[in-house]
Every structure is written in structure tokens, then in C-alpha cells.
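Reading the structure
Each chain, written out:
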Amino acid sequence: MTWPIITIIAYLLNAIAITIDKFLLAKKITNPAVYAIFISTLSLLALVLIPFGFHLYSLNQILIALVAGLIFTFALLYMFKALGQNEASRITPFMGGFQPIFVFILAFIFLNEILIPQQLIAFIIIILGTVIISWQNNSKATQKKAYLFAIIATLLFAISYTINKYSFTNQDFISGFVWTRIGAFIGALILLVPTKNRLDIKIELKKPKKQTSILFIFGQTAGALSFILINYAIAISSSVALVNALQGLQYVFLLIIIFSLSWKFPKLLEEKITPLIVIKKITATALIIGGLFILFI
């Protein structure tokens, strides 16, 4: 299976996970560190991959992979800080549009990744489509702090994915992936240092859980599989920037799923459907599909 197919499946799974999250977990983020700690701690589940091809490489390579994972944890932290400013409908497309650009620049500088003209044209078209399809009008006042956190998060995600690509190039996927997840857990341990974070986690764990349904478990499983497949696509692809750029597909899948379910669950829709919005979504989808066609012809 080639990396484009793996990437498409990964973003489809992530779209499913996001839809379920919208349905089950629609609540304000209180302490962003708690969310980052939970997600990064769950990264240790990657240890189950050890019997399937884990090898020890040089200390230098191990440290690089650990750093990638640690940075990922702090990227999550700042992403949740940004979303906690109640600007999700603006922050999500902001990050979705800029992250591939940051990855493209970092990969060019540190990995010597150079896109051929055909790939570069496709990259630009897909990014344009991603911004258009995900951008939503919002009457709320722009919050500068939310955008500052979003920029930090986007840059940290880009750095993490770029280091991941370097790590996967110099060691096998399973070994590199396991070390990056251990690094993410180390990041979680660092976030546990402040007393407030530890107290908030205790409070969160004592809350009655309504999300223990099969649907919740399915959503979390889809999200985890998506993350693994995206990293595997990065490992075997020629360009980490292109893998990141294809997240525009995630918005296409999300749009299709939400529109399909909106007749029964209208709250899933975050925008009022108008002819102009429909035209915008169709145009953006055409750009993304056109970019994919240019990329793979």
C-alpha cells in the first residue's frame, strides 16, 4: 500500500473521530494541560508494538525521537490553549492552513526536501482548498491570545513532524514511533510538575463518565489509528510536507460525514447553510481533488 492511500485512510479515520468528538465531547476546555497529559499518557500504548520489530539504535537517534515526542505534547498543550479561547471555528482552519507551510519550510531547511514543480503546484492548490473549506465566518471578536497560542502550537507540530521524518529516515518505523511516544509521555510528566495540573486531573478522574459508550471507544480508536497511519505515511513518503498538506482531505471527509448526518443531528453543523457557503465548499473540494490529481498523475 503506497503512502497516498495510507494518508487518505488516515484522514478519513480522523474525520470520523472528530465527528464523534463533536457529538459526544462538546464542552469548553478548562485546563488545557489535563487534555495534553491524558493524550500523551495514552501514547504509551505504542509499547505494544515492541514485539513486532523494535530495535535499539544509537543514543543520538533515540534522543532525537524522544525530543520529537516531547515537542508534540507541548504542541497539544498550546493547541488546547488556543481552542480554550472559544475560537475553534477560526483556530482550526488557521492551524490547518499554516501547519503544512511550516512543515514545508522546515523540511526544506533541515531535511533538504525539495518539491518538483508538479508537486509544488499541487501543494499550493491543496493548501488553498484546505483554507477555503475549513474557514468559517464568526461574529465573535478576534482574540489575539488565541492566535498567539495557535501559532506556537502550529510551529511545534511542524517541528515535531519534521523531526519524526528525520527519525524514521534513520531508524525503522516501529522503533522510531515507540521512542517518539515515550517522548510524549515524558512531556506529560513535565506537565504534571505544577500542583494545579495534578489537582485538576484528580477532579477530572472523579467526574462521572458518560463517554464510556461503544461510540466513544470507536471514535478514540479511529483517532489513534489515524495518528499511527499518518506517522507511517510520513515514514515511507518522499515528503513530510505533502503528507501534511493532504489533511485538506480530512475537511472534505468531515464535510461529507456531517452533511450526511445533519438531517438527524443538526447541531453538528457549525454554519448556516446558504448558497454562498455551498459554492465555497464545492469550490474548495474541487481545488483539493484537483491538487491530488496534479500530484498523482
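Residues numbered from 1 in each chain as written. Predicted model: local features only at pLDDT ≥ 70, side-chain atom pairs only at ≥ 80, totals over all residues. Heavy atoms only, no water.

All right, on to the environment of His55 then. As for its placement among the helices and strands, His55 is situated in the loop between helix H2 (32–42) and helix H3 (59–83). Remark: the alpha-carbon pair of His55 and Ile174, spanning 119 residues in sequence, is separated by 8.2 Å. For His55, the residues in contact, after removing those within four places along its chain, are Asp172, Ser175 and Trp179. Engagement of the side chain of His55 in a polar contact is seen with the side chain of Asp172, the distance being 3.3 Å. (Helix = DSSP H or I, 4+ residues; strand = E, 2+ residues; numbered from the N terminus. Contact = heavy atoms within 4.5 Å. Polar contact = N/O pair within 3.5 Å; in protein donor to acceptor, adjacent residues only side chain to side chain.)

Right, let's talk about the nonpolar core for a bit. Formed by 73 residues in total, the largest nonpolar core has its most connected members in Met95, Phe157 and Leu246. Of all the elements, helix H6 (residues 144–170) adds the most residues to this core, at eleven residues. In contact with Phe157, other than residues within four places in its own chain, are Phe72, Ala75, Leu76, Met79, Met95 and Gln99. (Core = buried A, V, L, I, M, F, W, Y, C linked by side-chain atoms within 4.5 Å. Buried < 20%, exposed > 50% of the residue type's maximum accessible area, 1.4 Å probe, protein only.)

Further remarks concern the confidence of the model for the protein. The predicted model of the protein averages 86 in pLDDT, with 87% of residues at 70 or higher. Considering each helix and strand of the protein separately, the mean pLDDT is smallest for helix H11 (residues 248–261), with a value of 82, and largest for helix H7 (residues 173–191), with 97. (pLDDT = per-residue confidence, 0-100.)

The subject of this paragraph is a nonpolar patch on the surface. A cluster of nonpolar residues, Phe98, Ile101, Ile105, Phe108, Ile109, Phe110 and Ile114, forms a patch on the protein surface that exposes about 710 Å² of accessible area. Among the structural elements, Ile109 can be located in helix H4 (residues 88–110). (Patch = residues over 30% accessible without salt bridge, like charges linked within 9 Å, V, L, I, M, F, W, Y side chains within 5 Å. Areas by Shrake-Rupley, 256 points an atom, 1.4 Å probe, with all protein chains shown as cover. Salt bridge = Lys/Arg side-chain N within 4 Å of Asp/Glu carboxyl O.)

Before going further, it helps to examine the environment of Ala75. Within the secondary structure, Ala75 sits in helix H3. As a C-alpha pair, Ala75 and Leu156 span 81 residues in sequence and 5.1 Å in three-dimensional space. When residues no more than four places from it in sequence are discounted, the contact partners of Ala75 are Ala153, Leu156 and Phe157.

Glancing now at the packing of aromatic side chains. The tally for this structure, following the rule as stated, stands at eleven aromatic pairs. A centroid spacing of 6.2 Å and a plane angle of 40 degrees characterise the contact between Phe98 and Phe102, whose relative ring orientation is tilted. On the criterion of helical spacing, the pair formed by Phe98 and Phe102 is a turn pair, its members being four residues apart in helix H4. For Phe98, a relative accessible area of 37% corresponds to the partly exposed category. A centroid spacing of 5.2 Å and a plane angle of 50 degrees characterise the contact between Phe168 and Phe173, whose relative ring orientation is tilted. (Phe/Tyr/Trp six-rings, centres within 6.5 Å; stacked < 30°, edge-to-face > 60°.)

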